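Descriptive analysis of the structure
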Amino acid sequence: MNEHIAPVALDHAYRVLNHGPTVLVSASHDGVDNVMAAAWSCALDFSPPKVTLVLDKATRTRALVEESGFFALQVPNLGQLELTYKVGTRSLNEVQDKLAQCDVELFRMDGFDVPLVAGSSAWLICKLIPEPHIQQTYDLFIGEVVGAWADTRVFRDGHWQFEQAEDRWRSLHYIAGGHFYAIGEAAVVKDV
């Protein structure tokens, strides 16, 4: 286990996604693991913490989420730029050794059978809240966060510390066509 991974209090889990990063979505069912990139996810609620995620019907990850009832959201970083692009542009339905081709290293946290992507900045394990109508009509999934962790080199005391971390830890924000931005400099309101 990585010595820099620490639990995030569930009442602070929303902060992991609050800045709008691209995420890596992972799931597993019946011995099949997969990871894909997604640009459309966000925090939904505080207590219990919930997230939303858009998963197209054509993705293998969606089927794994529906079959297992669980998924994980990871916050990838600038050090994972190529990995993020690769898992977002290849489908497990077409490339059987996708994770190997994309150099994805997985691990699991005790008590959870959900694969997590090593090297990410933060991880949220979510239990699917079944909403068949919105899943089928809008491809929108809701999950309750049941476990949260972050790398202490970039997220500590319930807050992102991008300005104090190496640039490789900056989160990715997808635009289109292989074009990402890494999060920029902090801008703080002084009268708060």
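Remember, predicted model here, so these are calculated numbers, not experimental data.

Quick notes on the overall build of the protein chain
The secondary structure content of the protein chain amounts to five helices and 14 strands. Here the C-alpha atoms of the protein chain give a radius of gyration of 16 Å, agreeing with the 16 Å that 2.2 N^0.38 yields for 192 residues. Dimensions of the protein chain, computed from the C-alpha atoms along their principal axes, are close to 50 × 35 × 35 Å. Taking the contacts inside the protein chain whose residues are at least 6 apart along the sequence as the reference set, 66% of them involve residues at least 24 apart. A total accessible area of about 9800 Å² is found for the protein chain, and carbon and sulfur atoms account for 51% of it.

With respect to the side chain of Asn34
With respect to the secondary-structure elements, Asn34 resides in strand β3 (residues 32-38). With near-sequence residues (within four places) excluded, Asn34 lies in contact with Val25, Ser26, Ala27, Arg60, Thr61, Leu64, Leu92, Lys98 and Leu99.

Observations regarding the pattern of salt bridges
Throughout the structure, instances matching the rule amount to nine salt bridges. Across the salt bridge formed by Glu66 and Arg62, the nearest N and O atoms sit 3.2 Å from each other. Pair noted here: Glu66 and Arg62 are both in helix α2 (residues 60-68), with a separation of four residues, about one helical turn. With a closest N to O distance of 2.7 Å, Arg153 and Asp151 form a salt bridge. By relative accessible area, Asp151 is classed as buried at 1%.

Here's the deal with the pairing of strand β10 (residues 140-151)
With nine of 12 residues buried, β10 is to be regarded as a mostly interior element. Pairing geometry for strand β1 (residues 5-7) and β10, over three bridges, is antiparallel. Residue Ala6 lies in a different strand from β10, and its bridge partner there is Ala150. Pairing analysis gives five bridges linking strand β5 (residues 49-54) to β10, with the strands arranged antiparallel. Pairing of Val54 across the sheet is with Leu140, part of β10. Note that strand β9 (residues 122-129) and β10 share eight bridges and pair antiparallel. When the sheet's bridge partners are listed, Leu124 is paired in β10 with Ala148.

Focus: α2
When we look at burial in α2, the residues that qualify are Thr61, Arg62, Leu64 and Val65. Buried residues of α2, seen end-on, are gathered within an arc of 160 degrees and therefore sit on one face of the element. Each element contacted by the buried residues of α2 is listed here: β2 (23-29), β3, β6 (70-75), β9, α5 (132-138) and β10. Phi for Gly69, located one or two positions after α2, is positive at around 80 degrees.

Notes on helix α3 (residues 81-89)
Of the positions making up α3, those classed as buried are Leu83, Thr84 and Val87. Along α3, the residues classed as buried sweep out an arc of 100 degrees about the axis, all on the same side. Turning to α3, the residues buried within the fold contact β2, β3, α4 (98-101), β8 (116-117), β13 (172-176) and β14 (179-182).

Some details on the side chain of Gln74
Relative to the assigned elements, Gln74 resides in strand β6. A polar side-chain atom of Gln74 sits 2.7 Å from the main-chain carbonyl oxygen of Leu24. In contact with Gln74, other than residues within four places in its own chain, are Thr22, Val23, Leu24, Val25, Ser26, Pro115, Leu116, Val117, Ser120, Ala122 and Trp123.

A look at the layout of surface pockets
There is about 430 Å³ of room inside the largest pocket. Around the largest pocket sit 24 residues that line it, and Met36, Ala37, Ala38, Ala39 and Gly88 are the ones nearest its centre. Counting residues per element, the lining of the largest pocket draws most heavily on α3, which supplies five residues. Tallied by class, residues from the lining of the largest pocket come to 12 nonpolar, eight polar and four charged. In this model, the second largest pocket occupies a volume close to 340 Å³. Considering the residues around the second largest pocket, the lining is formed by 16 residues, among which His19, His159, Trp160, Phe162 and Glu163 are closest to the centre. Those elements that place two or more of their residues in the lining of the second largest pocket are α1 (14-17) and β12 (159-160). Its residues assigned to classes, the lining of the second largest pocket comprises seven nonpolar, five polar and four charged.

Procedures and definitions
Residues numbered from 1 in each chain as written. Predicted model: local features only at pLDDT ≥ 70, side-chain atom pairs only at ≥ 80, totals over all residues. Heavy atoms only, no water. Helix = DSSP H or I, 4+ residues; strand = E, 2+ residues; numbered from the N terminus. Rg over C-alpha atoms; globule rule 2.2 N^0.38 Å. Contact = heavy atoms within 4.5 Å. Areas by Shrake-Rupley, 256 points an atom, 1.4 Å probe, with all protein chains shown as cover. Salt bridge = Lys/Arg side-chain N within 4 Å of Asp/Glu carboxyl O. Buried < 20%, exposed > 50% of the residue type's maximum accessible area, 1.4 Å probe, protein only. Pairing = 2+ DSSP bridges. Arc of directions from axis to C-beta. Polar contact = N/O pair within 3.5 Å; in protein donor to acceptor, adjacent residues only side chain to side chain. 1 Å grid on protein atoms, 1.4 Å probe; cavity = no way out; pocket = protein on both sides within 12 Å on 5 of 7 lines; lining within 4 Å. Points joined across faces, edges and corners; volume = space filled by probe spheres on them. Nonpolar A, V, L, I, M, F, W, Y, C, P; charged D, E, K, R; others polar.

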